[in-house]
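Analysis of the macromolecular model
Take a look at the letters that make up each chain.
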Amino acid sequence: MFRLFNFLSLRRDFLWLKILFAIFTGLVGAALLHLIIVFSLPQFSQRDAYTRIIAEGESHRFYRLGEQPDRAGLSKEDPMMEMSVCSFDISETPVRLTAPNIGVPFWSLGVFDASSDEIFSINDRTSADHVLDVVVGTPAQLAALRKSLPRGFSQTVLVEAQQTEGYAVLRSFVTHKSVVPVISKFLEQATCAPFQWRTRVQF
């Protein structure tokens, strides 16, 4: 009887040791996983689209992307698409995105915030006269702009952005090699510049 009692006691103690060991192993594993995630975050943060577009160069200008990754690690997604990107900062003034209608087969523009969330998109089918003319600003900036919209801006599309930093992606579809020169001219003439409009209202 005494031997049976000792056996059951040892078995119970062994079971507790197994449980404690499992808890200890889980805690150590969770701590190691947490450290791995923390130390890898800077590496992953350098790979997001906004960071890479900033690395292209100064803001408020379009940069043409090629088929091979450039020094910022960016390249065009599709060989049938020509693409340009620009970063912007609207903390002081809105940004105006423009491109003329020179007969490109198709173009589209996407506007994204610094978190890479798309806040607006437009293409030649939905724009007025197939012309790209978009102003991106904060709610306060656009409220002031709407109160005294200058002449000649009646067809300009006003886009509100909650974040002051972001980027734009301009694409054009290459239907045939013969249209490449026209598309190149279209992308070269595209602008991504601070909107030179001032009122007495301070943003």
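Below you will find a few notes about this structure. Remember, predicted model here, so these are calculated numbers, not experimental data. Numbers given for residues are sequential positions, taken from 1 along each chain in its written order. Two thresholds apply to this predicted model, a pLDDT of at least 70 for residue-level local features and 80 or more for giving and counting side-chain atom pairs, whereas whole-chain, interface and lining totals are computed over all residues. Excluding hydrogens and water, the side-chain figures rest on all heavy atoms present in the structure.

**Examining the state of the cysteines**
In plain terms, the rule: For the purposes of this analysis, a disulfide is any pair of cysteine sulfur atoms at a distance within 2.5 Å. Helix and strand definitions follow DSSP, with helices as H or I runs of at least four residues and strands as E runs of at least two, each counted in order from the N terminus.
Per the counting criterion, the structure on display carries 1 disulfide. Cysteine 86 shares a disulfide with cysteine 192; S-S distance 2.2 Å. Handedness of the cysteine 86-cysteine 192 disulfide follows from its S-S torsion of about 70°: it is right-handed. Of the two residues, cysteine 86 is situated in strand β2 (residues 81–89) and cysteine 192 in strand β9 (residues 191–194); the sequence distance between them amounts to 106 residues.

**Remarks on the sheet that holds strand β5 (residues 118–123)**
Selection rule: By this definition, two strands are paired if DSSP reports at least two bridges between them. Interaxial angle, 0 to 180 degrees, is taken between N-to-C directions of lines fitted to C-alpha atoms, where a helix line uses only the stretch in contact.
Strand order in the open sheet formed by 5 strands is β1-β2-β8-β4-β5, with antiparallel pairing between adjacent strands. Each end of this open sheet is capped by a strand with a single partner; those strands are β1 (63–65) and β5. Shown here is a sheet whose adjacent strand axes are inclined to one another by a mean of 20°, direction ignored.

**Here's the deal with the pairing of β2**
Rules: Type-normalised accessible area, obtained with a 1.4 Å probe on protein chains alone, sets the label of each residue: buried when under 20%, exposed when over 50%, and partly exposed for intermediate values.
Across the 9 residues that make up β2, a large majority, 8, are buried. One ladder, built from 3 bridges, connects β1 with β2; its direction is antiparallel. For arginine 64, the partnering residue across the bridge sits in β2 and is serine 84.

**Focus: the layout of surface pockets**
The line we're drawing: Method remark: on a 1 Å grid restricted to protein atoms, a set of points is classed as a cavity if a 1.4 Å probe fits but cannot get out and as a pocket if it is open with protein on both sides within 12 Å along at least five of seven lines; lining residues have an atom within 4 Å of a point. Grid points are joined across faces, edges and corners, and a volume is the space filled by probe spheres set on the points. Gly is placed with the polar residues, together with every amino acid not listed as nonpolar (Ala, Val, Leu, Ile, Met, Phe, Trp, Tyr, Cys and Pro) or charged (Asp, Glu, Lys and Arg).
Computed from the structure, the largest pocket encloses a volume of approximately 170 Å³. Surrounding the largest pocket, Ala49, Ile53, Leu65, Gly73, Leu74, Ser75, Glu77, Met83, Val85, Tyr167, Val169 and Arg171 form its lining. Here the lining of the largest pocket gets 3 residues from one element, more than from any other, and that element is strand β8 (residues 165–173). Residues of the lining of the largest pocket, tallied by class, amount to 8 nonpolar, 2 polar and 2 charged.

**Points about the environment of histidine 60**
As a reminder of what qualifies: Contacts were defined at the residue level, with two residues in contact if any of their heavy atoms lie within 4.5 Å.
In this structure, histidine 60 sits in the loop between α2 (49–54) and β1. In this structure the C-alpha to C-alpha distance between histidine 60 and alanine 168, which are 108 residues apart in sequence, comes to 9.8 Å. Those residues in contact with histidine 60, other than ones at most four positions away along the chain, are Ser87, Phe88, Asp89, Val95, Cys192, Ala193 and Pro194.

**Regarding helix α4 (residues 180–189)**
The cut-off we apply is this: Taken from the helix axis, the directions to the C-beta atoms give the arc we talk about.
Among the residues of α4, those classed as buried are Ile183, Ser184, Phe186 and Leu187. Within α4, the buried residues cover an arc of 160° as seen down the axis, which keeps them to one side. What points out from α4, more than 90 degrees from its buried face, is the exposed set Pro181 and Glu188. Buried residues along α4 sit against β1, β2, β3 (95–99), β4 (107–113) and β8.

**Concerning the side chain of threonine 138**
Along the chain, threonine 138 falls in the loop between β6 (132–137) and α3 (139–147). On the accessibility criterion, threonine 138 (14% relative accessible area) is buried.

**As for the environment of threonine 51**
Counting through the fold element by element, threonine 51 comes out in helix α2. Under the relative-accessibility criterion, threonine 51 is labelled partly exposed at 24%. A C-alpha to C-alpha distance of 8.7 Å links threonine 51 and alanine 72, two positions 21 residues apart in sequence.

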